[in-house]
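Close look at the chain arrangement
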Amino acid sequence: MSIITGFRYPGYAVTGIEIQAELARIAAENAIENQMAKSVTIIHGDIRTIALSDIGPAFDLIISNPPYKKAGTGRLNPDTQKAIARHELKLTIEQLFCRAEKLLVPNGRIVVIFPSERVFDLYCAMAATSISPEWLRFVHPIESKDAKRVIVSGVKNIKSSCRVLPPLHLYDSMNRPTKMYNSLFNP
């Protein structure tokens, strides 16, 4: 995600925090291979314990694709790397928002993609912090299917009503990427 963000927003400093050593190494190599090592920094660390002194100034924006299955639910992947990425084994959504509250500047934002069936969990996690939902957008694989994901933006220290943005449809009826989906990858 750090590489795509760095590509999409050239000129901004991007810091990726990855708890798994192998994935942090791969991400750092990708930054180098994509000539983004000056703008994209990858830190091998645990967001639950990382301090601002370890990473620099507070963030204006945090983007996260956190583990999305509650611990103890669903089939746990036997591959430890995939299990940690998918299940809340090392990071819960509540922990993510608590840490974001500490790592964001005042009025900073956090954007999270999560299963649409867990939108209530997102709101509860935000409610326990000074982060308020700013907008949400449901993501549908195709127009005729129910949303599978939701993207939520929260803002620190600002109370506002939450806007619901138009849905994002990834593919058309012919299984081709939509213009809206393709536009996400252009700077």
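Note: the structure precedes this text.
A brief look at the structure comes next. Note that the structure is predicted; figures quoted are calculated from it, not measured. (Residues numbered from 1 in each chain as written. Predicted model: local features only at pLDDT ≥ 70, side-chain atom pairs only at ≥ 80, totals over all residues. Heavy atoms only, no water.)

Glancing now at the nonpolar core. Grouped together as the largest cluster of nonpolar side chains are 23 residues, with contacts concentrated most on Ile 93, Phe 97, Ile 110, Val 112 and Leu 122. Taken together, the elements giving at least two residues each to this core come down to strand S3 (59–64), helix H5 (93–103), strand S4 (104–115), helix H6 (119–127), strand S5 (131–142) and strand S6 (149–156). Dropping the residues within four chain positions of it, Leu 122 is found in contact with Ile 93, Phe 97, Val 112, Phe 114, Val 150 and Val 152. Counting seven residues, the second largest nonpolar core, distinct from the first, contains Ile 3, Val 14, Met 36 and Val 40. (Core = buried A, V, L, I, M, F, W, Y, C linked by side-chain atoms within 4.5 Å. Buried < 20%, exposed > 50% of the residue type's maximum accessible area, 1.4 Å probe, protein only. Helix = DSSP H or I, 4+ residues; strand = E, 2+ residues; numbered from the N terminus. Contact = heavy atoms within 4.5 Å.)

Overall, the coordinates contain eight salt bridges when judged by the stated rule. The salt bridge partner of Arg 25 is Glu 22, with a shortest N-O separation of 2.5 Å. One end of the pair, Arg 25, and the other, Glu 22, are both in helix H2 (residues 21–33), three residues apart, so they sit about a helical turn from each other. Arg 25 gets classed as partly exposed once you look at its relative accessible area, which sits at 37%. Connected via shared salt-bridge partners are Lys 70, Glu 88, Arg 118 and Asp 121. (Salt bridge = Lys/Arg side-chain N within 4 Å of Asp/Glu carboxyl O.)

On to a positive patch on the surface, then. There is a patch of like positive charges on the surface, built from Lys 69, Arg 75, Lys 82 and Arg 86. By secondary structure assignment, the location of Arg 86 is in helix H4 (residues 80–86). Here Arg 86 falls in the partly exposed class, since its relative accessible area comes to 31%. (Patch = residues over 30% accessible without salt bridge, like charges linked within 9 Å, V, L, I, M, F, W, Y side chains within 5 Å. Areas by Shrake-Rupley, 256 points an atom, 1.4 Å probe, with all protein chains shown as cover. Lys, Arg positive; Asp, Glu negative; His and termini not counted. Charge placed at Lys NZ, Arg CZ, Asp CG, Glu CD.)

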